[in-house]
Amino acid sequence: MLTIDILNSHPVKVLKKEISKTNIKGYSKLRKNEIIELMLKNKERFNHIKKKGDIAKQPKKIKIIRKPKIEVPKITITEPEPEKRKVFSRGGRFFKPKDPKSKLPPIPKFTGKIKLPKEEPKKQDFKFDKKNITIETKKYGSITKYEIEYYDENENTYIELTLRKGINNLLFLEHLSSQFDKDLPRAKKGYTRAMLCNLINMLLNKKMVTNRTKFGLIAGDIGGITGKFEKNHNIKNLTKMYESMGFKKVRGAVDEEQKLESNVGTVLKWCMGKYKL
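Here we summarise the structure given alongside this text. Fair warning: this is a prediction, and the values are worked out from it, not measured in the lab.

### Overview of the overall build of the protein chain
Move 1: A count of helical and extended segments in the protein chain gives six helices and nine strands.
Move 2: Considering only intrachain contacts with a sequence separation of at least 6, the fraction spanning at least 24 residues in the protein chain is 55%.
Move 3: Total accessible area computed for the protein chain in this model is approximately 21400 Å², and 51% of it derives from carbon and sulfur atoms.

### Considering the pattern of salt bridges
Move 1: The tally for this structure, following the rule as stated, stands at three salt bridges.
Move 2: Between Glu149 and Lys16 there is a salt bridge whose closest N-O contact spans 3.5 Å. Of this pair, Glu149 sits in strand 4 (residues 143-152) while Lys16 sits in helix 2 (residues 12-20), placing them 133 residues apart in sequence.
Move 3: Classification of Glu149 as buried rests on a relative accessible area of 12%.

### Let's talk about the pairing of strand 6 (residues 170-177)
Move 1: Across seven bridges, the pairing between strand 5 (residues 157-165) and strand 6 is antiparallel. Residue Tyr158 lies in a different strand from strand 6, and its bridge partner there is Ser177.

### What about helix 6 (residues 264-274)?
Side chains of residues three or four places apart in an α-helix project in the same direction, reflecting 3.6 residues per turn.
Move 1: When we look at burial in helix 6, the residues that qualify are Val264, Val267, Leu268, Trp270 and Cys271. Seen end-on, helix 6 carries its buried residues on one side only, within an arc spanning 155°.
Move 2: Against strand 6, helix 4 (191-205), strand 7 (214-219), helix 5 (235-244) and strand 9 (258-263) lie the buried residues of helix 6.

### Quick notes on the packing of helix 2 against helix 3 (residues 32-41)
Move 1: With their axes 11 Å apart at the nearest point, helix 2 and helix 3 run at an angle of 35° to one another. When you trace helix 2 past helix 3, the crossing you get is left-handed. When helix 2 is examined against helix 3, the residues Val12, Leu15, Lys16, Glu18 and Ile19 are found in contact with a partner set consisting of Lys32, Ile35, Ile36, Leu38 and Met39.
Move 2: Within the contact of helix 2 with helix 3, the residues separate by chemical class into seven nonpolar, no polar and three charged.

### Focus: the state of the cysteines
Move 1: Inspection of the entire model under this criterion finds one disulfide.
Move 2: In this model, Cys197 is linked to Cys271 through a disulfide, with the two sulfur atoms separated by 2.1 Å. Handedness of the Cys197-Cys271 disulfide follows from its S-S torsion of about -70°: it is left-handed. With a gap of 74 residues between them, Cys197 in helix 4 and Cys271 in helix 6 connect regions that are remote in the sequence.

Analysis parameters
Residues numbered from 1 in each chain as written. Predicted model: local features only at pLDDT ≥ 70, side-chain atom pairs only at ≥ 80, totals over all residues. Heavy atoms only, no water. Helix = DSSP H or I, 4+ residues; strand = E, 2+ residues; numbered from the N terminus. Contact = heavy atoms within 4.5 Å. Areas by Shrake-Rupley, 256 points an atom, 1.4 Å probe, with all protein chains shown as cover. Salt bridge = Lys/Arg side-chain N within 4 Å of Asp/Glu carboxyl O. Buried < 20%, exposed > 50% of the residue type's maximum accessible area, 1.4 Å probe, protein only. Pairing = 2+ DSSP bridges. Arc of directions from axis to C-beta. Axes fitted to C-alpha atoms, helices over the stretch in contact; angles between N-to-C directions. Left-handed = near helix turned anticlockwise from the far one by under 90°. Nonpolar A, V, L, I, M, F, W, Y, C, P; charged D, E, K, R; others polar. Disulfide = S-S within 2.5 Å.

Here it is in structure tokens:
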């Protein structure tokens, strides 16, 4: 028999897929608790769903990063020996000519610090699995709306993008979570943003967007399961993070929210310098 516990054991993505197999409509924007209520009202259609087994919490792996040893190159300077000249006599007096000045530049004083050329940071390489992607298309007259979702259950990562194509194309980041299920550990550092970069690159390759397509988001309005603003999010830190990716502040921000805007080409330029796409 279908119960709340059975439905709660499955992620939102699985529940939405089950509803999509029926003729029920208007569920795409519902939260998890609202989706569960809707499914309980139609129990006879979902009696085949069974409780998912408990997922054992995986202990976090501790990585020990060792700094490479810097070898200081030995500097040896060789100077040509001065030419041996004979002692000349002038006016009955003998004199020795002065040694010729060295043509080498003067040796700079050693200050105790040697500046080495900066090495380019290594690009992170994460596996991008297209099986985790779902795209839903909706049409409103001359406007086509795409809802793109990426959910990786193993890494506990969830990303949601909406693409509006019409007179003015707009790509918007609805959700970005590296800990979609709060009871499970977070994704690897850099994994969630790497998957976002791969999603944008995929849309560009499919010619769904161009480098000039506007890309927007609201810092502080990107939540996890609930989709609400979480108080533990620091708006200043979030804004700095997105600004480093190429986003810029937009005037007219309200409390606990900061609108940011960029374009696909600018964000992808940052992605290519950070990750292997």
